[in-house]
Each structure stands twice: as structure tokens, then as C-alpha cells.
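Each chain, written out:
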Amino acid sequence: MAAANDSRKRAMPEFSIPMSSAELDESDYQAVMGVLRSGRLALGGQALEFERQMAAYVGVRHAISVSSGTAALHLLVRALGIGAGDEVIVPSFTFAASANAILYERATPVFCEIEPQTYNLDPDDVRRRITPRTKAIMAVDVFGHPADWDALQDIAERYGLALIDDCCEALGAEYRGRKVGSFGAAGAFAFYPNKQMTTGEGGMIVTDDARIAALCRALRNQGRGQMSAWLEHEHLGYNYRLDEMSAALGVTQLARIETFLAKRAAVAQMYTERLAGLDMLRTPLVQPHAQMSWFVYVVTLAEGLDRDVVIARMEQEGIPARGYFFPTHLQPYIRQMLGYRGGELPLTEGIARRTLALPFHNNLMAAQVEQVAACLARAAQ
Ligand SMILES: *Cc1c(COP(=O)(O)O)cnc(C)c1O
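Let me sum up the structure you'll find in this document.

Rules of the game
- Residues numbered from 1 in each chain as written.
- Predicted model: local features only at pLDDT ≥ 70, side-chain atom pairs only at ≥ 80, totals over all residues.
- Heavy atoms only, no water.
- Helix = DSSP H or I, 4+ residues; strand = E, 2+ residues; numbered from the N terminus.
- Rg over C-alpha atoms; globule rule 2.2 N^0.38 Å.
- Buried < 20%, exposed > 50% of the residue type's maximum accessible area, 1.4 Å probe, protein only.
- Areas by Shrake-Rupley, 256 points an atom, 1.4 Å probe, with all protein chains shown as cover.
- Lys, Arg positive; Asp, Glu negative; His and termini not counted.
- Charge placed at Lys NZ, Arg CZ, Asp CG, Glu CD.
- Core = buried A, V, L, I, M, F, W, Y, C linked by side-chain atoms within 4.5 Å.
- Contact = heavy atoms within 4.5 Å.
- Pairing = 2+ DSSP bridges.
- Near = heavy atom within 4 Å.
- Polar contact = N/O pair within 3.5 Å; in protein donor to acceptor, adjacent residues only side chain to side chain.
- Disulfide = S-S within 2.5 Å.
- Axes fitted to C-alpha atoms, helices over the stretch in contact; angles between N-to-C directions.

Things to note about the overall build of the protein chain
The helix and strand tally for the protein chain stands at 13 helices and 14 strands. Its C-alpha radius of gyration of 21 Å places the protein chain within 12% of the 21 Å reference for a compact globule of 381 residues. Expressed as lengths along the three principal axes of its C-alpha atoms, the size of the protein chain is roughly 65 × 55 × 40 Å. A burial count over the protein chain gives 58% of its 381 residues as buried. Of the roughly 15900 Å² of accessible surface on the protein chain, a fraction of 51% belongs to carbon and sulfur atoms. Between the centroid of the 37 positive side chains of the protein chain and the centroid of its 43 negative side chains there is a distance of 3 Å.

Topic: unusual backbone geometry
A cis geometry characterises the amide bond from Tyr 324 onward to Phe 325, with omega recorded as -5 degrees. Structurally, the position occupied by Phe 325 is in the loop between strand 13 (322-323) and helix 11 (332-338). The backbone phi angle of Arg 176 is positive, close to 45 degrees, even though this residue is not glycine. Examined against the element boundaries, Arg 176 turns out to sit in the loop between strand 6 (174-175) and strand 7 (178-179). Among the residues examined, Arg 176 registers a relative accessible area of 53% and is labelled exposed.

Observations regarding the nonpolar core
Core analysis: the largest hydrophobic core is formed by 43 residues, its most contacted members being Phe 143, Tyr 271, Met 314, Leu 356, Leu 358 and Leu 376. Every element with two or more residues in this core is listed here: helix 9 (257-275), strand 12 (297-301), helix 10 (307-316), helix 12 (346-352), strand 14 (355-358) and helix 13 (366-379). A total of 6 residues in this core trace back to one element, the largest contributor, which is helix 13. Each residue touching Leu 376, except ones within four places of it in the same chain, is listed here: Leu 275, Leu 281, Val 299, Leu 301, Val 310, Met 314, Leu 356 and Leu 358. Grouped together as the second largest cluster of nonpolar side chains are 42 residues, Ala 139, Ala 170, Ala 173 and Tyr 175 included.

Quick word on the pairing of strand 14
The alternating pattern of strand 14 places Thr 355 and Ala 357 on one face and Leu 356 and Leu 358 on the opposite face, and all of these are buried. Here strand 12 runs beside strand 14; their pairing, made up of 4 bridges, is antiparallel. Paired with Thr 300 across the bridge in strand 14 is Thr 355. Where strand 13 and strand 14 come together, 2 bridges link them in antiparallel fashion. Within the sheet, the bridge partner assigned to Arg 322 lies in strand 14 and is Ala 357.

Some words on the site of the ligand
Of all residues adjacent to the ligand, which total 14 residues, the nearest are Gly 69, Thr 70, Asp 166, Glu 169 and Lys 195. Note that an oxygen atom of the ligand is positioned 2.4 Å from one of the side-chain N or O atoms of Thr 70. A distance of 2.6 Å separates an oxygen atom of the ligand from a polar side-chain atom of Glu 169. Here the ligand has 380 Å² of accessible area as a free molecule, and 97% of this is covered by the chains. For the shell around the ligand, the element with the highest residue contribution is helix 3 (residues 69-79), accounting for 3 residues.

Structural notes on the state of the cysteines
Covalent bonding between the sulfur atoms of two cysteines is what defines a disulfide. Applying the stated criterion across every chain yields a total of 0 disulfides. This cysteine, Cys 167, is not joined by any disulfide, and Cys 168 carries the nearest cysteine sulfur, 6.5 Å off. Note on Cys 216: no disulfide assigned, nearest cysteine sulfur contributed by Cys 167 at a separation of 13 Å.

A closer look at the side chain of Thr 118
Within the fold, Thr 118 resides in the loop between strand 3 (108-112) and helix 5 (123-128). A distance of 2.5 Å separates a polar atom in the side chain of Thr 118 from a polar atom in the side chain of Glu 115. Of note is the side chain of Thr 118, whose polar atom sits 3.2 Å from the backbone nitrogen of Asn 120. Non-local contacts of Thr 118, meaning those with residues more than four positions away in its chain, are made with His 145 and Gln 287.

Let's talk about the sheet that holds strand 4 (residues 134-140)
Paired through their backbone hydrogen bonds, the strands of a sheet run either parallel or antiparallel. Overall, mixed pairing links the 7 strands, which are arranged 1-9-8-5-4-2-3 in an open sheet. Only two strands of the sheet have a single neighbouring strand rather than two, namely strand 1 (62-66) and strand 3. The sheet shows a mean angle of 25 degrees between the axes of neighbouring strands, taken without regard to direction. Pairing geometry for strand 1 and strand 9 (residues 203-207), over 5 bridges, is antiparallel. For Ser 65, the partnering residue across the bridge sits in strand 9 and is Met 204. Strand contacts of helix 3: strand 1, strand 4, strand 5 (162-166), strand 8 (186-190) and strand 9, with the helix running at about 160 degrees to strand 8, the strand carrying the most contacts. Across the face of the sheet, helix 7 (residues 210-220) comes into contact with strand 1, strand 8 and strand 9 while running at roughly 20 degrees to strand 1.

Treat this as a map of the structure, not an account of what it does.
Written as C-alpha cells, this is what we have:
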């Protein structure tokens, strides 16, 4: 299980083409240096400015900066009052943080299947998994493709469920002309360096709901209310604040987000054109109503090919590739906690065995795309 998520702890060999790469320029360096010179490193104006710009970009009333995407999801679960005995329907085909945020509050993640085209959660399967204990649905816009928001909002309304958007992979993606993060009760973004834009570590909650916004602001700041004295705590809170250097980087990165997304779309198109003719794989599918925000470029290998052999062959040629995602319900700690043994989500498990993420970043050049594609074609023979 050489899952993509292992990359953070596993020492990877040095490849000439990296799996991902943040785009940083002089404006980023200047912004961070400016904060350092100012001496105000926390709880300052940069975080407020980053929040203001992010709310405007997504098209919501409130944005609350936090220390990671995982922290954003955790606070949303808390703010929605989800706890022990509650069930939250969530796809298994996602990063572990989605389900973890539910488990932190002792609620139960109920894993659902995905659509075979987009790999986003399947609304029909979501409906089938609703029980009297279901409290919320956590949708994920996987790889930057928006989930089926019309169908999900319909279900949430009909059954009186809260709807959370894990849009950590989809900043700037649109569903029928409306940006992800603006659907459901609230959304969570993440800014780890492999995301579309980065703050190093960092995240953002976005919502139109003033109550959720106020509660999340308090919870990220050790439970202090807006009006509280510094040592007065209304709630059991956390230190999930975003520091000023990271927030300043967020402001300069967000100023260039449209350029970043356009560059990523161009790289994705080069891959798709180059790989289109190969019958040993299928390229990503974008629905007509969707505006994709490319997070990663993931191909699906044909049945019968051994994905791990393909990866090993590519790595031998100096090209990295990753299996992406490993199903959450089969992670060792989830098996132990919830008793999954494999076979419970056949569609997810079948797809997850065949998906392969290729090197992908803003500035991947045509010659490199060609090099990766040729290597993949040889490795998948
Ligand atoms: C990146 C990501 C997160 C959060 O990541 P952090 O590393 O905590 O910022 C959450 N969910 C998904 C689907 C992600 O891809």
C-alpha cells in the first residue's frame, strides 16, 4: 500500500520531475519578509486580509483562516454539533483527513461508493446509507472535480441533514457556474504545498452562516468568544490559528490563483491529448456542467494491469507516480476501529487499485509531459 499520502513521511528518491511543486515568486518572498520585519507574527492584519479576499473569491460571507485543511474540517464537525452516536456519510475514496475529522468527535463515518466517471461520492449510494442516526453528509470534490451538488443539496434538504464540503482539493472549481465552498452549510480549503496554492501549512473555512463562522472563530482561538477577555474561554477550543507569515503568503498566492489554475488546466490538456489514444488507460473525465480546478492528474489503468508494477517500472526510469487514493475504509486504523475487512465497497476498491497520479504542477513543460507519457506507455505494456 504505497499510497500517495505516504510521501510526507517516506524519504522519496530524488526525481528530475517532481510529483508536485509550488509556484513562488518575488511577491511571495517580499510579503513573508515584510511580516518578519514588522515583528507582528500572529493575530494580525494579514490573516484578516487573507480571509476577506478568500470570502470574496469563493463568493461567501465569512472566511475563517486556520492552521490546516484538517483543522478546518474538524472545526466544522464540531460547529455542527456532530458527536458520539451520530453518523456522517463520507466517501472512502478521499484523503484520510475527511473521515478523521468525524472520528475526532467520536461520530461514525459511514463510507459510501463513488460515481464511476468522476470518482466523487454517488448520490444514490448516499441515499441508501441514510439511517435515523445520520446527521450529516461530508462531500469531497475529489481531484478538483466538483461533486454533484444539486443532487446532494436535494438529499440534505429532504432528510434534514447538514452538508459539509471538503473542497480541500478544489479551490476555484465551479459547479454550474458557482464556486465550490459555497454549497452546503460550509466548506474547508487546504493550502499544503501540493495544493493549487499554498501557505506552507494552512486552511480556510468558508460559510454564509454567521453562527458557524462565529463558533469556528472562537474554537480556533482556544474557545475565546468575540467579546471575551484574553483569559476567558467560552468553549473547549484549540489553537488552530494561522500565523501571519502563512497568511501573507496566502494573500500573494491568491492574487495569482487564476493564472495558476489556467497553467494547470493547460498541463492537464497536454496529458489528455498525449494519452488519449492509449487503450491501457483512461484519462480523467470532466462533466459538462463542471469547471475543474486541477489538483492532480490521475489516470485509471485498464483491468488486469498491476498498478504497483507500473509504478515500479516508471520509478526505475526516474519518473515518479503514485497510487491515489488508497480507500479510507481499508486503512489499518479504520479496519481496527470499525471492523472493515475489504469487499464492503467493491466499486471504490476496484477503482482505487487502478488509479495512478502522474507528476503534475503549474510549470510542467511539454517535453516533460511527453517524457512522463512515453514512460507510462512503456511501463503499462
Ligand atoms: C489536502 C486535503 C485535506 C487537508 O489537508 P491538510 O494537509 O490538513 O491541509 C483534506 N481533505 C482532502 C480531500 C485533501 O486533499
